[in-house]
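The residues making up each chain are set out below.
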Amino acid sequence: MPPYNSINLHPSSHAPSSLKNATYDVICIGSGWAGRVIGARLVKAGYTAVVVEEELVGGDCPFWACVPSKALLRPLQALEEAKAVTGVKERLNSANGVDVHAVFARRDAFTSKWNDADRLVPLVENSGADLVRGVGRLTGVKKVSVQSGSGDKIELEAKLAVALCSGSVPMIPNIPGLAEVNPWGPRQATSASEVPEHLIVLGAGAVGCEMSAVYASFGGKVSLVCIAPEVLPRMDPEAGKLVRGSLESQGVKIHLSTEATKVHREANGSVKVELSTGETIQGTEILVAAGRKARTNDMGLEQFGLKTDGTPLPVNESLLVDSVPGDWLYAAGDINGRAPLTHSCKYHGKIAANAIIAKAKGINVRPREYDNVSATADHTAVPQVVFTNPNAASVGLTRTRAQKEGRAFREVTAPVVSVGAMLHAEGYKAGWAQWIVEEQTNKLLGATLVGDDVAELIHPSTVAIVGGLTLEQLTHAIPAFPTLSEVYLNLVDAAGA
Ligand SMILES: Cc1cc2nc3c(=O)[nH]c(=O)nc-3n(C[C@H](O)[C@H](O)[C@H](O)COP(=O)(O)OP(=O)(O)OC[C@H]3O[C@@H](n4cnc5c(N)ncnc54)[C@H](O)[C@@H]3O)c2cc1C
Ligand SMILES: NC(=O)c1ccc[n+]([C@@H]2O[C@H](COP(=O)([O-])OP(=O)(O)OC[C@H]3O[C@@H](n4cnc5c(N)ncnc54)[C@H](O)[C@@H]3O)[C@@H](O)[C@H]2O)c1
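Only a predicted model underlies this, so the values are computations on that prediction, with no experimental measurement involved. (Residues numbered from 1 in each chain as written. Chains lettered and ligands numbered in written order. Predicted model: local features only at pLDDT ≥ 70, side-chain atom pairs only at ≥ 80, totals over all residues. Heavy atoms only, no water.)

(A) Just the sheet that holds strand β10 (residues 253–255), in detail. Spatially, β10-β9-β8-β14 is the arrangement adopted by the four strands of the open sheet, whose pairing is parallel. Both edges of this open sheet fall to β10 and β14 (285–288), since each of them pairs with a single strand only. Across the sheet, the mean angle separating the axes of adjacent strands is 20 degrees when strand polarity is ignored. Relative to strand β9 (residues 221–225), helix α7 (residues 206–217) is tilted by about 165 degrees, and along the sheet it contacts β8 (198–202), β9 and β14. (Pairing = 2+ DSSP bridges. Helix = DSSP H or I, 4+ residues; strand = E, 2+ residues; numbered from the N terminus. Axes fitted to C-alpha atoms, helices over the stretch in contact; angles between N-to-C directions. Contact = heavy atoms within 4.5 Å.)

(B) Summary view of the environment of Gly 136. Mapped onto the secondary structure, Gly 136 falls in strand β4 (residues 135–140). Along the chain, Gly 136 and Gly 300 lie 164 residues apart, while their C-alpha atoms are 8.9 Å from each other. Setting aside chain neighbours within four positions, we find Gly 136 in contact with Ile 29, Val 52, Val 144, Ser 145, Asp 298 and Met 299.

(C) A look at the UniProt feature "binding site: NAD(+)" (unreviewed entry) in the protein chain. The UniProt record marks Gly 203, Ala 204, Gly 205, Ala 206, Val 207, Gly 208, Cys 209, Glu 210 and Gly 291 with the feature "binding site: NAD(+)" (unreviewed entry), using the residue numbering of this structure. What stands out for the annotated residues spanning 89 residues is how close their C-alpha atoms remain, the widest pair being 13.5 Å apart. By the element assignment, Gly 205 lies in the loop between β8 and α7. Apart from residues lying up to four places away in sequence, Cys 209 is in contact with Ala 204, Leu 224, Val 231, Leu 232, Leu 247 and Thr 388. (UniProt positions renumbered as here; feature names shortened; annotations may be inferred.)

(D) Region of the structure containing the pattern of salt bridges. Per the stated rule, a full pass over the model turns up 24 salt bridges. The partner of Arg 187 in a salt bridge is Glu 55, and the shortest N-O contact between them spans 2.9 Å. One end of the pair, Arg 187, is in helix α6 (residues 186–191); the other, Glu 55, is in the loop between β2 (49–53) and α2 (60–64), with 132 residues separating them in the sequence. Among the ionic contacts, a cluster of salt bridges with common partners joins Glu 55, Asp 60, Arg 187 and Arg 292. (Salt bridge = Lys/Arg side-chain N within 4 Å of Asp/Glu carboxyl O.)

(E) Focus on the domain arrangement of the protein chain. Partitioning the protein chain into structural domains gives domain 1 (4–58 + 116–169 + 293–377), domain 2 (179–290) and domain 3 (390–494). Computed from C-alpha atoms alone, the centre-to-centre distance between domain 2 and domain 3 is 30 Å. Of the residues lining the interface, ten residues belong to domain 2; the matching set on domain 3 comes to eleven residues. For the domain 2 and domain 3 pair, buried surface summed over both sides reaches about 800 Å², with 71% attributable to carbon and sulfur atoms. Summed over the three residues of domain 2 that lose the most area to domain 3, namely Met 235, Asp 236 and Leu 242, the buried surface amounts to 56% of that side. On the surface where domain 2 and domain 3 come into contact, there are one salt bridge. Between Arg 399 and Asp 236 there is a salt bridge, with its nearest N and O atoms 2.6 Å apart. Between domain 2 and domain 3 we count two residue pairs in polar contact (both at pLDDT 80 or more) in total. Counted by class, the side of domain 2 that touches domain 3 contains six nonpolar, one polar and three charged residues. (Domains from an automatic or database assignment. Buried area = accessible area lost by both parts, 1.4 Å probe. Polar contact = N/O pair within 3.5 Å; in protein donor to acceptor, adjacent residues only side chain to side chain. Nonpolar A, V, L, I, M, F, W, Y, C, P; charged D, E, K, R; others polar.)

(F) How the structure looks around the nonpolar core. Formed by 64 residues in total, the largest nonpolar core has its most connected members in Ile 38, Leu 42, Leu 138, Leu 156, Val 162, Leu 164 and Leu 329. Not counting the four nearest positions on each side in its chain, Val 162 is found in contact with Ile 27, Ile 29, Leu 138, Lys 142, Val 144, Trp 328, Leu 329 and Tyr 330. Val 231, Ala 239, Ala 392 and Val 450 belong to the second largest nonpolar core, which has 39 residues in total. (Core = buried A, V, L, I, M, F, W, Y, C linked by side-chain atoms within 4.5 Å. Buried < 20%, exposed > 50% of the residue type's maximum accessible area, 1.4 Å probe, protein only.)

(G) Local environment of the site of ligand 2. Residues in close proximity to ligand 2 total 21 residues, the closest being Val 207, Glu 210, Arg 234, Gly 291 and Val 385. Between ligand 2 and the protein, one listed contact pairs a nitrogen atom with a side-chain N or O atom of Lys 70 at 3.5 Å. Summarising the interface, the protein chains cover 80% of the accessible area of ligand 2, which totals 830 Å² for the free molecule. Put simply, the parts of the chain that give the shell around ligand 2 at least two residues each are α7 and β17 (383–386). By residue number, the principal contributor to the shell around ligand 2 is α7, which donates three residues. Split by residue class, the shell around ligand 2 holds 13 nonpolar, four polar and four charged. (Near = heavy atom within 4 Å. Areas by Shrake-Rupley, 256 points an atom, 1.4 Å probe, with all protein chains shown as cover.)

(H) Focus on unusual backbone geometry. Cis peptide bonds are those with omega within 30 degrees of zero, and the linkage from Asn 389 to Pro 390 qualifies with 10 degrees. Tracing the backbone through its elements, the reader meets Pro 390 in the loop between β17 and β18 (391–396). Of the consecutive residues Phe 481 and Pro 482, the connecting peptide bond is found in the cis state with omega at -10 degrees. Of note, the phi angle at Ser 112 is positive, near 50 degrees, even though the residue is not glycine. Structurally, Ser 112 is set in the loop between α4 (100–110) and α5 (120–127). A relative accessible area of 12% means that Ser 112 is categorised as buried. Notably, Asp 453 is not glycine yet its phi reads approximately 65 degrees, a positive angle. Take Asp 453: it is sitting in the loop between β21 (444–451) and α13 (459–466).

(I) Seen up close, the pairing of strand β5 (residues 143–147). One ladder, built from five bridges, connects β4 with β5; its direction is antiparallel. Opposite Gly 140, over in β5, you have Lys 143 as the bridge partner. Following β4, the chain reverses through two residues before pairing antiparallel with β5; Lys 142 in that reversal takes a positive phi of roughly 60 degrees. Bridging between β5 and strand β6 (residues 153–164) involves five bridges; their strand directions are antiparallel. Bridging from a neighbouring strand, Val 144 pairs with Leu 156 of β6. Connecting β5 to the antiparallel partner β6 that follows it, the hairpin turn spans five residues, and Gly 151 within it adopts a positive phi of roughly 95 degrees.

(J) Structural view of the site of ligand 1. Every one of the 37 residues lining ligand 1 counts as a neighbour, but Glu 53, Lys 70, Gly 136, Asp 334 and Thr 342 are closest to it. The separation between an oxygen atom of ligand 1 and a polar main-chain atom of Trp 33 is 3.3 Å. One of the backbone nitrogen or oxygen atoms of Gly 136 is found 2.8 Å away from a nitrogen atom of ligand 1. Alone, ligand 1 offers 1,000 Å² of accessible surface; in the complex the protein occludes 93% of this. Where the shell around ligand 1 is concerned, the elements lending two or more residues are α1 (33–44), β2, α2, α3 (66–83), β4 and α9 (342–360). Split by residue class, the shell around ligand 1 holds 17 nonpolar, twelve polar and eight charged.

In structure tokens, the structure reads:
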């Protein structure tokens, strides 16, 4: 695949002047998961919707985020799994690692080589929503202008609502010289087809850890600069410690509690990074993975008193921007900063669409915990999986957040070891499981699992939290023998239930 800057982000189909209508029940700005779900649900309920997109239809997830990153990570995991099973590992030539070119080709197939016409455009069209390419900007109450790069323009009007679903963009820390070296962001890291000899990664959150694992598995040297005392600081420190151990065993050099103070590109093209510890790292490329900010600029938000500096848009529980009079402006997905993950964007799309439809039917929308117009899970049960090897998966409260919130809780920990796990792959590394349980009620508030294949094991904890299940009830949720799910038996036993 060609480098990032030769990918065509602005295909010429679906020009503004090709739209047959100018009035829709709902206008969605942004065709990521949040915008697409809102459009599709509105049409399914008998309303009209148009989705406005300025770049590739589909947003970040299919082209620059979840899909390519997991396509790059999965082969390493499959190889490690195979190496852990006697009878299979003997057939492997483990010295060779993954086939890097085949892995890039696999990623290219999943992204359709960054061509949205194959899957994503048909997905929107088959949902019944109209699609238009161009930058969407609010020009008044329920009014949106859409302008393409060639200057083609249309003015749209919404009868019911406008949904801002414009996602987020990478945050570039204000480090002297960083912007000038033209650093990689997640887009370059997920679309590259060459392995930098030495990749310096700034930021040890989800992107930083996952991409370090990818490029180290490809045989590159990787240095990871982590400003916090432990990697994955949003997770429990024990999870971070285990993931750090695995990255280090892959050869990643991790600098904890360290900041980059100055960045410079040398005449030979290499990147020199000065660190707060006094050390200097010299690498081939630098990837900035230091978090994201809401995509709020150049959308006409200032006329409604909204910030345009990347601060997430404040919304109520139905994802309505309720500071704007008239109850017509919604913000779903990364732009509201509540839970910037793809599954949450899908959830936001559903909740916002339900609220718009309810209001259209004359229902007075008053979001209440866990009803269909309230994004309650954002506060209680957002799962996340970091697809390093081992996986780190969590949902609900971490120990740190429970402490910060002053909750009375107890922590239950258990190993991720069972006969089922050993039969699955006896060479797996032992993992770690944790439940955060409310002291007074014995209800589950949070879970963190670290181990091989635990990505698929976090959902039972999500269900238990949303269902308000207690330890006593969970005693009766018996995992089948011999499965990996017996980690839940370990947790129940460790809790003494
Ligand atoms: C490397 C990486 C890996 C990730 N992996 C995972 C993962 O494994 N699991 C997970 O849950 N999450 C993951 N995420 C997070 C996930 O990608 C985001 O939470 C999600 O894509 C956000 O969806 P969205 O619909 O809010 O916005 P987006 O998908 O970003 O869509 C917004 C769209 O709006 C368009 N747009 C913006 N402004 C305008 C405008 N004015 N007019 C018209 N169009 C506009 C943009 O071009 C974009 O296409 C990852 C993120 C990264 C960076
Ligand atoms: N598997 C997944 O679910 C997955 C994978 C990738 C990304 N994502 C999501 O995408 C978004 C972006 O990911 P991300 O990893 O960029 O953000 P993040 O917020 O998860 O991590 C960014 C990290 O960068 C650190 N940082 C900030 N400034 C720094 C600096 N100057 N030097 C060094 N470190 C610095 C922060 O402490 C933080 O730990 C997040 O919402 C993340 O959850 C999810």
